[in-house]
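Inside the fold
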Amino acid sequence: MATLAEPQTSADPLDDFRSEVRDWLAANFPASLKGKGNALASVEGPTSETAEMTAWREAMGEKGWGVPTWPKEYGGGGLSKAQARILSDEMARVGAWNPIGGMGVMMFGPTLLEYGSEAQKREHIPAIAKGEIRWCQGYSEPNAGSDLANLQTFAEDKGDHYVVNGQKTWTSGGQWADKCFCLVRTDKSDKHKGISFLLIDMTAPGVEVKPIKMISGASPFCETFFTDVKVPKENLVGEEGQGWTIGKRLLQHERTNLSGGGSRLQMSGPSLADLAKKFVGADADGSIADKDLRARIAKWEMDWRAFQLTAMRVMAESKAVGGVSEVSSILKTVGTKLGQERSELIIEIEGLNGLGWEGEGFMPEELHQVRAWLFGKATTIYGGSTEVQNNIIAKRILGMLDHQ
């Protein structure tokens, strides 16, 4: 007697999604852009796109995959964490990069999704998700750096709007930004509860930026001056006096991303081993000739891999309980230190080639490494210095309270 065939089990939905991603990338990602960088995410210069880059950004923005896990109703991809991992893996497989980035994605967007009004989300999130706008951060002031709550930029209530006066410093990319998310003082009688979170148009009358030239030769930061700048009341995020709470939350997002924890945690640039074999040489077995250097590179690689795995675990745990936490301070401290160690190893490996500044005899990538090494000195300062992070770790994670 003939038997009925067993019914076919349905394919894994994630397999179907992987196939969808592969087909979409094949149709939309130009092979000529393989290995290129994200201009929007850079603070070292204005956005500069070729026609192919623009088409790639628009395609990703329309799909919502530049911010894959953000809600679909605001222009995000609406993907699950598993789907987002597949998207990231498939993009890496073909050398594709995310053309949507910058501070809007790293810091402001996630914060606005949590604290913003419905009107604010619908106004600002879609433009961030499509990479159509650049945001900058108005936090630090000449006398309010590590003690950020000492900020004095004042927003005076004028009924239907505020008038803002004051100065911010270290405004990353301020000279190219469209808008600024800014901490201002709305009450002078209370240090922390007197702070509010405002959105300021960088093209508004009274806004002036002056770039600061860094030791690396670049001018990615600015002094920003506000002189009688009118800001509509609807640009207040949350309530008056809630700015310190919102601002701390945003810093947690910033520290996670500065550590490398906001992406799939790939350290950009050439392999240390490949560089060492090029500049130092290899032995008969194909290993790095300098044994001491070989051991230090191996140690760095192990430390970086351990950090990658730890960061991904911490991020997964944080998302499970509703977002980033004080653990971001650990990621920021360790991740930025590892980044500095890598830059120092590269300079050592390249020898005299790693000491050039300009002129003949140096390749462009060698000159870039020198500037990257110098610029990297700032990473353990901005976004909250290592000393500030250590205080947070001691008090809020280890429970080591001050004793009078």
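Predicted model only: the values in this text are computed from it and were never measured.

**Remarks on the overall build of the protein**
The secondary structure content of the protein amounts to 11 helices and 8 strands. Of all 404 residues assigned to the protein, the portion counted as buried reaches 45%. In the protein, the share of contacts with a sequence separation of at least 24, taken over all contacts with a separation of at least 6, comes to 70%. Accessible surface, the protein: about 20700 Å² in total, of which carbon and sulfur atoms supply 52%.

**Some points on the pattern of salt bridges**
As enumerated under the stated definition, the model contains 16 salt bridges in all. Among the ionic pairs, Glu-156 bridges to Lys-158, the shortest N-O distance being 3.5 Å. On the accessibility criterion, Glu-156 (36% relative accessible area) is partly exposed. Ionic pairing is found between Lys-233 and Asp-157, a salt bridge with its closest N-O pair at 3.0 Å. Pair noted here: Lys-233 is in the loop between strand 7 (221–232) and strand 8 (236–237) and Asp-157 is in strand 2 (residues 154–157), with a separation of 76 residues, a long-range link. What makes Lys-233 partly exposed here is its relative accessible area of 25%. One network of salt bridges, with partners in common, ties together Arg-18, Arg-22, Glu-90 and Arg-93.

**Describing the confidence of the model for the protein**
Chain-level statistics for the protein give a pLDDT mean of 87 and a share of 87% at 70 or above. Low pLDDT, under 50, characterises residues 261–266; the stretch is placed with 18 contacts to residues that sit more than four places away or in other chains.

**Some points on the pairing of strand 3 (residues 161–168)**
Strand residues, when the strand is regular, have side chains that alternate between the two faces of the sheet. Pairing geometry for strand 2 and strand 3, over 4 bridges, is antiparallel. When the bridges of strand 3 are listed, Glu-156 appears paired with Val-163. Count of turn residues in the strand 2/strand 3 antiparallel hairpin: 3 residues, of which Gly-159 carries a positive phi of about 95°. Where strand 3 and strand 7 come together, 7 bridges link them in antiparallel fashion. Across the sheet, residue Lys-168 finds its bridge partner in strand 7, namely Thr-224.

**Focus: the nonpolar core**
Ranked by size, the top nonpolar core spans 31 residues in total, and within it Phe-108, Ile-128, Tyr-139, Phe-181 and Phe-197 carry the most contacts. Elements represented by at least two residues in this core include exactly helix 4 (103–115), helix 5 (118–129), strand 4 (179–185), strand 5 (195–201) and helix 6 (243–258). The dominant element in this core, judged by the number of residues it contributes, is helix 4, at 6 residues. In this structure Phe-197 touches Phe-108, Tyr-139, Phe-181, Cys-182, Leu-183, Asn-235, Leu-236, Val-237, Gly-243, Ile-246, Gly-247 and Leu-250, once residues within four positions along its chain are discounted.

**Examining the side chain of Glu-366**
Tracing the backbone shows Glu-366 in helix 10 (residues 364–375). In contact with Glu-366, other than residues within four places in its own chain, are Phe-279, Glu-350, Asn-353 and Gly-361.

**Thoughts on the packing of helix 1 (residues 13–28) against helix 2 (residues 51–63)**
Between helix 1 and helix 2, the shortest axis-to-axis distance is 11 Å and the interhelical angle comes to 150°. Between helix 1 and helix 2, the interaxial angle falls into the category roughly antiparallel. The crossing of helix 1 and helix 2 is right-handed. Facing Glu-20, Trp-24, Leu-25 and Asn-28 of helix 1, the residues of helix 2 in contact are Trp-56, Ala-59, Met-60 and Lys-63. Grouping the constituent residues of the contact of helix 1 with helix 2 by class yields 5 nonpolar, 1 polar and 2 charged.

**What to know about the packing of aromatic side chains**
In total, this model carries 13 aromatic pairs according to the counting rule given. Measuring from ring centre to ring centre gives 6.4 Å for Phe-181 and Phe-197, while their planes differ by 5°; the resulting arrangement is stacked. Taken together, the residues span a long stretch of sequence, with Phe-181 in strand 4 and Phe-197 in strand 5 at a distance of 16 residues. Looking at Phe-181, the relative accessible area reads 0%, which means it is buried. Considering the side-chain rings of Phe-221 and Phe-375, the 6.1 Å spacing of their centres and the 15° angle between planes classify their relative orientation as stacked. Of the two residues, Phe-221 sits in strand 7 while Phe-375 sits in helix 10, which places them 154 residues apart along the sequence. Residues Phe-221 and Phe-375 agree in their burial class; the two are buried. Here the aromatic residues Phe-17, Trp-24, Phe-29, Trp-56 and Trp-65 are joined through ring pairs into a cluster of three or more. Positioned above the aromatic ring of Trp-65 is the side chain of Lys-63, whose terminal nitrogen or guanidinium carbon lies 5.0 Å from the ring centre. Over the ring of Trp-357 we find Arg-371; its NZ or CZ atom is 3.8 Å from the centre of that ring.

**Brief notes about the packing of helix 9 (residues 328–350) against helix 11 (residues 386–397)**
Running from N to C, helix 9 and helix 11 point in directions that differ by 145°, and their axes come no closer than 9 Å. When the axes of helix 9 and helix 11 are compared, the crossing they make is left-handed. Where helix 9 abuts helix 11, its residues Ser-329, Ile-330, Lys-332 and Thr-333 lie against Thr-386, Gln-389, Asn-390, Ile-392, Ile-393 and Ile-397.

**Examining helix 3 (residues 81–94)**
When the terminal C-alpha atoms of helix 3 are compared, their 20 Å separation across 14 residues agrees well with the 20 Å that a helix rising 1.5 Å per residue should span. Every buried residue of helix 3 is listed here: Ala-84, Ile-86, Leu-87, Glu-90 and Met-91. The buried residues of helix 3 occupy an angular sector of 160° when the element is viewed end-on, so they sit on one face. Against the buried residues of helix 3 lie helix 1 and helix 2. One or two positions beyond helix 3, positive phi appears at Gly-95, with a value near 80°.

Thresholds applied
- Residues numbered from 1 in each chain as written.
- Predicted model: local features only at pLDDT ≥ 70, side-chain atom pairs only at ≥ 80, totals over all residues.
- Heavy atoms only, no water.
- Helix = DSSP H or I, 4+ residues; strand = E, 2+ residues; numbered from the N terminus.
- Buried < 20%, exposed > 50% of the residue type's maximum accessible area, 1.4 Å probe, protein only.
- Contact = heavy atoms within 4.5 Å.
- Areas by Shrake-Rupley, 256 points an atom, 1.4 Å probe, with all protein chains shown as cover.
- Salt bridge = Lys/Arg side-chain N within 4 Å of Asp/Glu carboxyl O.
- pLDDT = per-residue confidence, 0-100.
- Pairing = 2+ DSSP bridges.
- Core = buried A, V, L, I, M, F, W, Y, C linked by side-chain atoms within 4.5 Å.
- Axes fitted to C-alpha atoms, helices over the stretch in contact; angles between N-to-C directions.
- Parallel < 35°, antiparallel > 145°, perpendicular 65-115°, else oblique.
- Left-handed = near helix turned anticlockwise from the far one by under 90°.
- Nonpolar A, V, L, I, M, F, W, Y, C, P; charged D, E, K, R; others polar.
- Phe/Tyr/Trp six-rings, centres within 6.5 Å; stacked < 30°, edge-to-face > 60°.
- Lys NZ or Arg CZ within 6 Å of the ring centre and 35° of its normal.
- Expected span 1.5 Å × (residues − 1).
- Arc of directions from axis to C-beta.

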